[in-house]
Protein chains: 4
Amino acid sequence: MKLWQKGYKLDKEVEKFTVGDDYLLDRELIEADVLGSLAHAEMLVSLKILTAGEFKKLRKVLLEILLLREEEKFTISARDEDVHTAVENYLTKKLGDLGKKIHTARSRNDQVIVDLRIYAKGKLLELEESLLDFCRTLRRFCRENKNVPMPGYTHCRKAMPSSVSLWAGAFLESLLDDLFLLKSAYEINNQCPLGSAAGYGVPLNIDRQLTSDLLGFKKVQNNVLYVNNSRGKIESIILSALSQVMLDLSKLAEDLILFTREEFNYFALPDEFCPGSSIMPQKKNPGPLEIVRGKSNVVVSYLFQVLNVINGLPSGYNQDFQLTKGPLLKGLEITNSSLQVSALIISGLKVNKESLKKSFPPEIFATDEAYKLVKEGMPFRDAYRRVAKDSKRSQTLTPGKIISSRKHLGASGNLGLEKVEKRIKEELKILKKEKDAFEKKKRRLTKTA
Amino acid sequence: MKLWQKGYKLDKEVEKFTVGDDYLLDRELIEADVLGSLAHAEMLVSLKILTAGEFKKLRKVLLEILLLREEEKFTISARDEDVHTAVENYLTKKLGDLGKKIHTARSRNDQVIVDLRIYAKGKLLELEESLLDFCRTLRRFCRENKNVPMPGYTHCRKAMPSSVSLWAGAFLESLLDDLFLLKSAYEINNQCPLGSAAGYGVPLNIDRQLTSDLLGFKKVQNNVLYVNNSRGKIESIILSALSQVMLDLSKLAEDLILFTREEFNYFALPDEFCPGSSIMPQKKNPGPLEIVRGKSNVVVSYLFQVLNVINGLPSGYNQDFQLTKGPLLKGLEITNSSLQVSALIISGLKVNKESLKKSFPPEIFATDEAYKLVKEGMPFRDAYRRVAKDSKRSQTLTPGKIISSRKHLGASGNLGLEKVEKRIKEELKILKKEKDAFEKKKRRLTKTA
Amino acid sequence: MKLWQKGYKLDKEVEKFTVGDDYLLDRELIEADVLGSLAHAEMLVSLKILTAGEFKKLRKVLLEILLLREEEKFTISARDEDVHTAVENYLTKKLGDLGKKIHTARSRNDQVIVDLRIYAKGKLLELEESLLDFCRTLRRFCRENKNVPMPGYTHCRKAMPSSVSLWAGAFLESLLDDLFLLKSAYEINNQCPLGSAAGYGVPLNIDRQLTSDLLGFKKVQNNVLYVNNSRGKIESIILSALSQVMLDLSKLAEDLILFTREEFNYFALPDEFCPGSSIMPQKKNPGPLEIVRGKSNVVVSYLFQVLNVINGLPSGYNQDFQLTKGPLLKGLEITNSSLQVSALIISGLKVNKESLKKSFPPEIFATDEAYKLVKEGMPFRDAYRRVAKDSKRSQTLTPGKIISSRKHLGASGNLGLEKVEKRIKEELKILKKEKDAFEKKKRRLTKTA
Amino acid sequence: MKLWQKGYKLDKEVEKFTVGDDYLLDRELIEADVLGSLAHAEMLVSLKILTAGEFKKLRKVLLEILLLREEEKFTISARDEDVHTAVENYLTKKLGDLGKKIHTARSRNDQVIVDLRIYAKGKLLELEESLLDFCRTLRRFCRENKNVPMPGYTHCRKAMPSSVSLWAGAFLESLLDDLFLLKSAYEINNQCPLGSAAGYGVPLNIDRQLTSDLLGFKKVQNNVLYVNNSRGKIESIILSALSQVMLDLSKLAEDLILFTREEFNYFALPDEFCPGSSIMPQKKNPGPLEIVRGKSNVVVSYLFQVLNVINGLPSGYNQDFQLTKGPLLKGLEITNSSLQVSALIISGLKVNKESLKKSFPPEIFATDEAYKLVKEGMPFRDAYRRVAKDSKRSQTLTPGKIISSRKHLGASGNLGLEKVEKRIKEELKILKKEKDAFEKKKRRLTKTA
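Residues numbered from 1 in each chain as written. Chains lettered and ligands numbered in written order. Predicted model: local features only at pLDDT ≥ 70, side-chain atom pairs only at ≥ 80, totals over all residues. Heavy atoms only, no water.

A. Quick peek at the relation of the copies chain A and chain C. It takes a turn of 180 degrees to lay chain A on chain C, together with a shift of 0.0 Å along the axis; the resulting RMSD is 0.0 Å. Taken together, the turn and the small shift mark the pair as related by a two-fold rotation axis. When the interface residues of chain A are mapped onto chain C, 100% of them are again interface residues, pointing to one common binding face. (Least-squares fit on C-alpha atoms with pLDDT ≥ 70 in both. Contact = heavy atoms within 4.5 Å.)

Below is the structure:
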């Protein structure tokens, strides 16, 4: 039985087409759907639409669903269409008319949206943890490779002396900026949509603040039409932050694919990260790095899919929104696993100091040479042209000296990694607090009386 | 056992990440993989690498796999990684060392590419058939609604008198242009990659022409590196053609969502195509049309995913290519089902002649009024300004008269639908011939001796 | 003379191709380039690389450039390549060797990045102002149309009673969420890149904190390689926020195109916003709205251009970055002008209360009918099915009563517009403070001693 | 005076916003607009709407415009809005009422579309010529570097012996497949839209076949609504073909950036293609290659801009279409100049045979080693594992021997470049014929009587 059924049947082929793979994706949303239903039902008690006794019965069955889910035994079939119908059908099967009452004062739109918000909240918190874990791995990598010289490149050409820590530290700071974006996206997502119904509210004096508080949202998303208009909007805001994370991982992957090539050999990947070839016996390929690089395009295309699905739609719910669910769920999953795999790879990465040492040609010191002339009083432009023409190089410059003597803010001799470390710790504290609060709300809703 | 395994184990998490959902997607490729293996094995006989007896045994087991597949009993597990390994593992389980010999002179790259080409070939032929079926439906709809007036719009404003057939006929001609693009994509796809191996050929004097002929390809894709470089390229060419089909269906869906609104009521959708709402009892929603409209963005984002995954990669195989497989498979499926659902909807669409009749305001005849003045000798620009200022309208113009009197090529009174019908018939003939030839090759490969 | 020239000449065709339209875009960056140079020069004084007297001369000529710019007389030719070279060439022409000295301790990369940050900062502040102005216009529109009933739609079908203020208020709240995103993007942009040079710092003990403070940045962007790695990253973060604004404006445009159609006539656009047709005398087209709708796709495609240009690039400067400049500049311009035009249109929009009144069919009250039964004790699912089957409707429900009786948070009878208004005021205050601080820094740098 | 003006004025700001940069882009379309007008006017003579004398006068002034254009003296101002209005205003200024008569039986939509088709036709022919020129350059490069060994890579790791010609030949064949796509796009574009007017034809018995023939189109685009619906469609079909060309050039650029690095030094770029750095005296950067690589993303983003602007629009003209013009014009320009620059670079590329020779490690022969065992009767899988474990390598294998002994179709010893050369010649012949026919039509229209 569908929630909207009323005396005629949908054409089978049309139905299959319209439902798509929603019922498969919705397996991810069972917990969120139950949480949303628990909060909604508790609010209905406050309105005296449900009695305390009815609520108790409903809660019991809803908690059963959570248990079934843990054992992967709660099924959503294509006939159910979605998790919301599957849950209501289960309630009705167990409780008869009472099972139907829970849908009072809400619509499926309400449910989809609140489910996605709850789901995204939990997943963003997990993701932030993965990101901070990865930052700690990078921090450790920097510490272990302090002052190891490495050529710095521009235009894919050797440019100036750099260091392994400067290189890795750049990712560290970039990821912390991504964290800021993730937190902004989290903030936008942290609004409770319940009570919007189909975008025009309900003819009952529901208590939207209560459901929002019960679920631990920061605030009620106020205008009921805006709630529906924001389908896809919030998804794309999240996907945009995820894209930035993936772009960082993609750049790291590209660098690692390059620097582990035979021609560089700056770094080495452990065998256990390298699949082989079915025809070439000698091959050990950087497969996981290529997949990270490729998946950055997948996440960007999800962002693009959501933006384009919603762009041009008029106000109010449109079923096109259904197609914004998959990209969000998959985008969160891909980004999280890409962070974890990247951390694993950095943990296992071997730095080949010998190769790095050999990789400094005399020309890479040209800028430093020019600045020696500058310090002797020559205008930089003239020093530049002098060095460009003069092929003889000073013998006194070494990569090690240069990188440790670069002392201005953010340069190889002054990377400020302690400050970064402090920031990581602070962020971990903030994250823990947010997670604890969220878990507490969930426990409160699901505690057996 | 992986095809590339040789004494060390991949990290479990890395392996899971790297394999992704390839093993799920590959269920679609079992038939193609077996066909490719049959052709390759037959070629190995010609090289005397396999004996006739060995080939017979291999063929027997390969045909077994086809039978298992029909019963949905041939499984590809995550441990297998992909269909190629699953097939080889099955062969080896049944035939021991002989099972291993089939991989002589080919690599997994060869197999992925040939599988996708064979698969795409079959699916494109199906798709062309769905497209031509839809064209026939549209043609029938045009015939049934000959000379039914309908307002023509520009800028979403009533512009000039038009007709239901002119409107539907526009889609018909657009789809036939899409067919041309599908056929171009088919042509590019119709090149046999076998023998490229990892992109650098094999150290045996293989007969690439023979495998190409056995599989019914139009030609060998010559340069072995180009074969690997064209991963994603051909996928994106196909997805570009699919996008054009989806854009047509999206425009049709948008028109139908609009013209079936209460405010228009030009057309009506049968109930069995209209899901309802869980909160609003009266609702009958154009869900499938919204999904078609939304899915056009999904297919476009698949195109985008493939283009961006491959863009910027250096020559030769890169594992990022793995991520171009899903978009192709899903893009073909979505486009085909969208064509079928659209045909179903047009078949059931009711034309509300009364509403259409009432929808002509006097202003819509303004251009015709101006041209009456032109025929009396006034320059068009002056006639235009005269009519724009003058609110009185002629009483003699009616939509019916106007649309049947537009007699120039392609106008409402001269739509040339017979020519279109003739073209559909010719295309069906060409398609049938191509399909028959392809089926014949498949039967030849899979016939039990 | 190019900044990098040293004894060989570039092929003319290659040069033209490589420079592209950078020299045209750079006209927008003259002010920012001069500001960056002033701060850099002042810092060089603190390092004793420039004397106070030299600095005074340099500043005089730099301020000349600002004056020339105001009169549109400072030219950047294709031969100059970019604004940085044009400025340095001007300095050298006027000051000889001294003009060359200003490039000490910086590279062109430094300059491009700092110019774009300064430019984006100013433009984002302007944009936030346009957005808040538009919010006030929407707020006024809501007040003027308080309690005007309007059908609420889902799936482009009449769904439930709504109101003009609920509809407009949804955009208001969405735009305020966009403002949050713009401010996040602003925050990420508010980091001073100077001193990164080519991504590896400079061999002088420069004072990066000083230049950052002089230019009014919130902080130094620390890791010097990250500075270069963030080319395109920050641009895409800004474009992502702009995309969200454009998507809101696009939805508004789509709604207005629809609701001003002859079939609806809910709203009317003043003639002065409606271009006509060259062939149809009666036409008054919603051209600007169509352009807003279309331009949302342009801004989204700019976002994707930037994301894709940078995706897959290795660490360090790559010249591909050059192609991220145009999208940022144009995206900021388009979004700002789209906000202004949208505000103009809402200001002039006429609300046709008569048409709105007539647009309520009895079915639109079905949900309210069902809830009447719910209040009498029927489970919602049963009430739903009863109403769905029963065609007789209550005579007591009117749109006006319904919308004012929806009293829960965010519903038509409780829109909370006062809270929104308060938030707008607070945001304006914050914005003013930020703008004042920025202007003060600019005045300090450009004051004639 | 605008073509649609009739007694009220557009708001200035709205007008500026709506016109955008159309008037700038339209400078490219002057010739096409004049050609379209000449054909249209000649057709009006056949309808006796214009007399032979009137036509003569109109033609004289239209040819004047062509002359002015050649001297870059025909201006289109923002007030004109577009080339169509500028041309008609010029005609009217010179010929009074007669100038207005030419707009009889057409609309601006007709003109925009026909202009773009004529323009794209000419540009595609130029582009095909550039592509074939580049193919000849690549062919020459292959000949000059016959049998020069080069490592073949997969996963960015040395895989198997390859050759410089195999590498370059892969691009050659890929570009010839692109040519097929360009020709398909050309074919779709080769339909005459004139007579569609606003999408609903005109109330005069115009001769659409005549204008089509006069302009040299292959056929009339029949259904008048389809003509307008195909705005953006044909643009995106062309941009999709252009994207494939750009993706090939991007891969080539990526390869060249890599293979000219210090770490490889397989190839060298002449100095005159390499801009330097403003801070690092030694740098010679592969700037033009980076720009080609980056611009492939620009062209892809143009494709997506067009697809997304049109996706979701209802039938008939919508002003959003205006935003599909820039991407087409710029996409054609970028692709053409990228082809020319790429050809220039390949012409000047130096092959460093010494470095290539040194780049073969023993492991790269592993597959060949394994196949030696296969030839001795070992199953390939076993030979594979044997070689993978055994570090001792045969001393008899050399890159030179291997690449010349790969004799199967498309392998390094059998590249089939003569067949490719033959195909290039045939394509050049076809192209010349098409160009001549097009030029002949243009001369016929513009000949002074």
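Picking up where we left off.
B. Structural detail: the interface of chain D and chain A. Taken together, the contacts link 42 residues of chain D with 42 residues of chain A. A combined buried area of about 3700 Å² lies between chain D and chain A, and 54% of that area is made up of carbon and sulfur atoms. Considering only the side of chain D, the residues that lose the most area to chain A are Arg157(D), Arg261(D) and Pro281(D), jointly responsible for 20% of the buried surface there. Where chain D meets chain A, there are two salt bridges. The partner of Glu263(A) in a salt bridge is Lys158(D), and the shortest N-O contact between them spans 3.9 Å. Taken together, chain D and chain A are joined by 21 residue pairs in polar contact (both at pLDDT 80 or more). Among the elements of the structure, strand E1 (149–154), strand E2 (157–163), helix H11 (233–259), helix H12 (287–310), helix H15 (366–375) and helix H16 (380–389) of chain D are those that each provide at least two residues to the side of chain D that touches chain A. (Buried area = accessible area lost by both parts, 1.4 Å probe. Salt bridge = Lys/Arg side-chain N within 4 Å of Asp/Glu carboxyl O. Polar contact = N/O pair within 3.5 Å; in protein donor to acceptor, adjacent residues only side chain to side chain. Helix = DSSP H or I, 4+ residues; strand = E, 2+ residues; numbered from the N terminus.)

C. Local environment of unusual backbone geometry. Residue and element names in this part refer to chain A. Although it is not a glycine, Lys48 adopts a positive phi angle of roughly 65 degrees. Mapping Lys48 onto the fold places it in the loop between helix H3 (30–46) and helix H4 (52–70). Under the relative-accessibility criterion, Lys48 is labelled exposed at 74%. (Buried < 20%, exposed > 50% of the residue type's maximum accessible area, 1.4 Å probe, protein only.)

D. Fine view of the relation of the copies chain D and chain A. Least-squares fitting of chain D to chain A yields an RMSD of 0.0 Å, with the transformation described by 0.0 Å of translation along the axis and a rotation of 180 degrees. Of the residues that chain D buries at the interface, 100% are likewise interface residues in chain A, meaning the two copies contact each other through the same surface.

E. How the structure looks around the pairing of strand E1 (residues 149–154) of chain A. Residues and elements named next belong to chain A. Within E1, five of the six residues are buried, which leaves the element mostly enclosed by the surrounding structure. With six bridges connecting them, E1 and strand E2 (residues 157–163) associate as antiparallel partners. Residue pairing across strands places Gly152 opposite Met160, the latter belonging to E2. Taking the residues that link successive antiparallel strands as the turn, the E1-E2 hairpin has two residues, and the phi of His155 there is positive, at about 50 degrees. (Pairing = 2+ DSSP bridges.)

F. Focus on the environment of Thr85(A). Residue and element names in this part refer to chain A. Within the secondary structure, Thr85 is located in helix H5 (residues 83–95). Residue Thr85 is classed as buried on the basis of its relative accessible area of 0%. A polar atom in the side chain of Thr85 sits 2.6 Å from the side chain of Asp82.

G. Geometry of the interface of chain A and chain C. Between chain A and chain C, the contact holds 106 residues from the first and 106 residues from the second. Around 9100 Å² of area is buried between chain A and chain C when both sides are counted, 58% of it from carbon and sulfur atoms. By the criterion of area lost to chain C, the three top residues of chain A are Tyr200(A), Arg381(A) and His408(A), representing 8% of everything that side buries. Taken together, the links from chain A to chain C amount to six salt bridges. Note that Lys233(A) and Asp178(C) form a salt bridge whose closest N and O atoms lie 2.5 Å from each other. Seen at the junction of chain A and chain C, the total is 52 residue pairs in polar contact (both at pLDDT 80 or more). Top element by residues in the side of chain A that touches chain C is helix H8 (residues 164–189) of chain A. It accounts for 14 residues. In the side of chain A that touches chain C, the residues fall into 45 nonpolar, 35 polar and 26 charged. (Nonpolar A, V, L, I, M, F, W, Y, C, P; charged D, E, K, R; others polar.)

H. Highlighting the pattern of salt bridges. Residues and elements named next belong to chain B. Across all of its chains, the model carries 117 salt bridges over all chains by this definition. The partner of Lys432 in a salt bridge is Asp436, with the nearest N and O atoms 2.7 Å apart. Pair noted here: Lys432 and Asp436 are both in helix H18 (residues 417–446), with a separation of four residues, about one helical turn. Looking at Lys432, the relative accessible area reads 52%, which means it is exposed. For Asp436, a relative accessible area of 39% puts it in the partly exposed group.

I. The arrangement of the packing of helix H11 (residues 233–259) of chain B against H11(D) in detail. Closest axis-to-axis distance for the H11(B)/H11(D) pair is 11 Å, and the angle between their directions is 170 degrees. Comparing the axis directions of H11(B) and H11(D) gives the class roughly antiparallel. Touching Lys233(B), Ser236(B), Ile237(B), Ser240(B), Gln244(B) and Asp248(B) of H11(B) are Lys233(D), Ser236(D), Ile237(D), Ser240(D), Gln244(D) and Asp248(D), all from H11(D). Here the contact of H11(B) with H11(D) is built from residues that sort into two nonpolar, six polar and four charged. (Axes fitted to C-alpha atoms, helices over the stretch in contact; angles between N-to-C directions. Parallel < 35°, antiparallel > 145°, perpendicular 65-115°, else oblique.)

J. Representation of the packing of helix H12 (residues 287–310) of chain C against helix H13 (residues 325–348) of chain C in the model. All names here are of chain C. The N-to-C vectors of H12 and H13 enclose an angle of 155 degrees; their axes lie 10 Å apart at closest approach. With respect to each other, H12 and H13 are oriented roughly antiparallel. For the pair H12 and H13, the sense of crossing is left-handed. The segment H12 lies against H13, with Pro288, Leu289, Val292, Lys295, Val298, Val299, Tyr302, Gln305 and Val306 engaging Pro327, Lys330, Gly331, Ile334, Thr335, Val341, Ser342 and Ile345. (Left-handed = near helix turned anticlockwise from the far one by under 90°.)

K. Geometry of helix H5 (residues 83–95) of chain B. For H5(B), with 13 residues, the first-to-last C-alpha span of 18 Å sits near the 18 Å given by 1.5 Å per residue. The set of residues buried in H5(B) consists of Val83(B), His84(B), Thr85(B), Ala86(B), Val87(B), Glu88(B), Tyr90(B) and Leu91(B). Tucked into the core, H5(B) has its buried residues touching helix H3 (30–46), helix H4 (52–70), helix H6 (97–101) and helix H7 (108–144) of chain B together with H16 of chain D. The positive-phi residue at the C-terminal boundary of H5(B) is Gly96(B), with phi of around 60 degrees. (Expected span 1.5 Å × (residues − 1).)

L. Here's a closer look at the confidence of the model for chain A. Overall, the predicted model of chain A reaches an average pLDDT of 94, with 97% of residues at or above 70. Two numbers describe this predicted complex: its pTM, 0.97, and its ipTM, 0.96. (pLDDT = per-residue confidence, 0-100.)

M. Quick look at the domain arrangement of chain A. The domain boundaries assigned to chain A delineate domain 1 (12–104), domain 2 (109–358 + 419–446) and domain 3 (365–398). One C-alpha centre belongs to domain 2 of chain A, the other to domain 3 of chain A, and the line joining them spans 44 Å. (Domains from an automatic or database assignment.)

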